[in-house]
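For reference, the chains in residue letters:
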Amino acid sequence: MKTNLFFGLALLSMAPNAVSAQENADSLYIRNSVYMLKLDMPADNEEYAHAYEVTNKAFDGIDFATRYPNYNDFNLGSHHIDWSTVPTATKAEMDAIEKESAKDALLKTTLASMGVKVDPIAEREYAARLLNYFNANKFGNQLVAKWHVPQGADYKNVAAFDMGTIYEYGKVGLSEEARKVALETGNNDIFYNLHTKLLSTTYVCVNNYRMMNAKEKSATAIAMAKVTLEFLPGIAKMAGNIAVKDAETAAAKTKGYFVRTNAYLFKLDWDSEKTLEMYNKYWNNVADFNANANYQLKYVGRSSKYAGAGLTMKSANLDKLIARGALRATDAAFAALQRDYDEFRPMSSLHEEDGKLVAYIGTKEGVKAGDKFDVFMCQKNDKEIEWKKVGTIKVAKNSVWDNQEGANETLEGEAEDGEKKEGNAELKYTVFDGKPGKKIGEGCLIRLAK
C-alpha cells in the first residue's frame, strides 16, 4: 500500500489547495461527515401537490457545505431517494430498529379518535426500509470507496485506491510535523488513525417532508402530550398535565399550514478492525473489493420538527412561506438529531466580542436559553491535535441569536403556531455567561454538554 499511498499524497502536495491549515480553532479539528438526502414520496393530499414541488425546489437549492459548515458535505451525487424503489421490511427488521410499544399504539388510537389521518407507514418501518435500501444498493461500499479514491474518481467501480481524500479531510487533525512525515513517507500508522476516525463518523441523513394543517398539527401535539402523561409515574404527572394544557393553549392560537420534516439518521458501520481489513484484504486487490466487499450502514435514530408555511394555501407569498418553512423544518430536525444523539454533535468555535464569550450559532442550530456547552482547548503533540475539555459555559439569559431562515424578514400571510419564540434576530451571535480567561476564550471549541 505504501507506494500507492505516497504517490497519491505527492500529487496532492503539489495541488494549489494543498495548504497548511491556518491557526484557528475551526481549521484544527476533524469534523463528522454527512450525506443529506430527501425521500421523494407521492403527494398524500392533492391540495398539497404544489407545496411539495416548492419543498423539493427548496431542498435542491441547499448548499449543504455552507448551511452546515461544522460537517463535511460528503455525498454520492444524487440527493434524492424515490420511495417506489425502496424495498419492504419484515417485522423482524422493523423490530431491530425499534419495537412497537404500547405508547405507539395508544398514540395511533388517540390521533384517530381526534379525526387525524394517521400515516399507515410507521416511523420504524420507514427507517427499516431505508436501511434495506442503503444496503441493497451498496451505499456502504460506495462511501468507503469514495474515501479511498481521488476526488472526482468513480467510486462505484473502483480502478485504484489512494489516500488523498483521507489526507485532505484528516490533515486538520495532524500536527505540522505529522503532516510533513505523512507527505514525505506515507506513514501508515498516521493514516490508520485518520482512516478509522473519518469513516466511523460518516453519516447519512434522510429527510421526509409532509404538509399539515393547523388541526393536524395541534391534534398531534395534544395527543403526544396526553399519551406521554399516561405513561408517566405518579410523581411526574403534574408536569405531564401542564404539558397537556400548554399544548391545548397553543392549539387555540395555531392557524394555517405547516411543513413537517421527519429526519432519519444512519451511519457507516465502521471500526478499527474494518480499517485493517481494508488495508490487508482490499488495498492491493481492487477487483475483490468491487466484487465482494459488503460494508453497510446502521441506524442511529430519528427526529421530527415543524415550521410554519402559509395561513391558507392561497396566502400571499405562499411559495416563499413554504420554502422558508421547509428550510426551517430541515434545520430544526437536523439540530434535534444533534441534541438527541451525542455522537452526532458538532464542535463550534468560541469567540470573544466586547469582553463577552460568544459563538456564531443560534436557533438554527437548536440553541436554547440555559443550554450548557463543554469547552475544549487545543493540545498539540508530535502526531495529533487533541482537544481537551477545560470547562463548561452556559447560554446567558435572553442571549440566544435567532439565526433561523428568514429571521429578519416578515412575510404577509404566515402561519401562526401559538408557541413561544426563542431567540433575538437583532443579535449577531449567542452570548454565554462569564468572561474570557486563560483557558476559556478565543481559540477554544464548544459542544453541547451531555
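Residues numbered from 1 in each chain as written. Predicted model: local features only at pLDDT ≥ 70, side-chain atom pairs only at ≥ 80, totals over all residues. Heavy atoms only, no water.

**Notes on the sheet that holds strand β12 (residues 430-432)**
Move 1: Taking strand neighbours across the sheet as the criterion, the three strands line up as β8-β9-β12 in an open arrangement whose pairing is antiparallel. Where the open sheet ends on each side, the last strands, each with one partner, are β8 (351-353) and β12. For this sheet, the mean inter-axis angle between neighbouring strands, taken without regard to orientation, is 50 degrees.
Move 2: When strand β9 (residues 356-359) meets β12, the two strands line up antiparallel, connected through three bridges. In the strand pairing of β12, L357 is matched with F432. (Pairing = 2+ DSSP bridges. Helix = DSSP H or I, 4+ residues; strand = E, 2+ residues; numbered from the N terminus. Axes fitted to C-alpha atoms, helices over the stretch in contact; angles between N-to-C directions.)

**What about the confidence of the model for the protein chain?**
Move 1: With 94% of its residues at a pLDDT of 70 or more, the protein chain shows a mean pLDDT of 91.
Move 2: Scored below 50 in pLDDT, residues 1-22 shows 44 contacts in the model against residues more than four places distant or in partner chains. (pLDDT = per-residue confidence, 0-100. Contact = heavy atoms within 4.5 Å.)

**Points about the environment of L143**
Move 1: Position of L143 among the secondary structure elements: in helix α7 (residues 139-147).
Move 2: Taking C-alpha positions, L143 is 9.3 Å from K156, a pair spaced 13 residues apart along the chain.
Move 3: Leave out the neighbours within four places in its chain, and L143 touches F74, L76, T202, V204 and L297.

**Examining the packing of aromatic side chains**
Move 1: Applying the stated rule across the entire model yields 29 aromatic pairs.
Move 2: Look at Y133 and F139: their rings are 5.8 Å apart centre to centre, the planes differ by 55 degrees, and that puts the pair in the tilted class. The burial state of Y133 is the same as that of F139; both residues are buried.
Move 3: Taken together, F161, W270, Y279, Y282, W283, F289 and Y295 form an aromatic cluster joined through their ring pairs.
Move 4: Between the NZ or CZ atom of K217 and the centre of the ring of F258, over which it lies, the distance is 5.3 Å.
Move 5: A cation sits over an aromatic face here: K217 above Y306, 5.6 Å from the ring centre. (Phe/Tyr/Trp six-rings, centres within 6.5 Å; stacked < 30°, edge-to-face > 60°. Buried < 20%, exposed > 50% of the residue type's maximum accessible area, 1.4 Å probe, protein only. Lys NZ or Arg CZ within 6 Å of the ring centre and 35° of its normal.)

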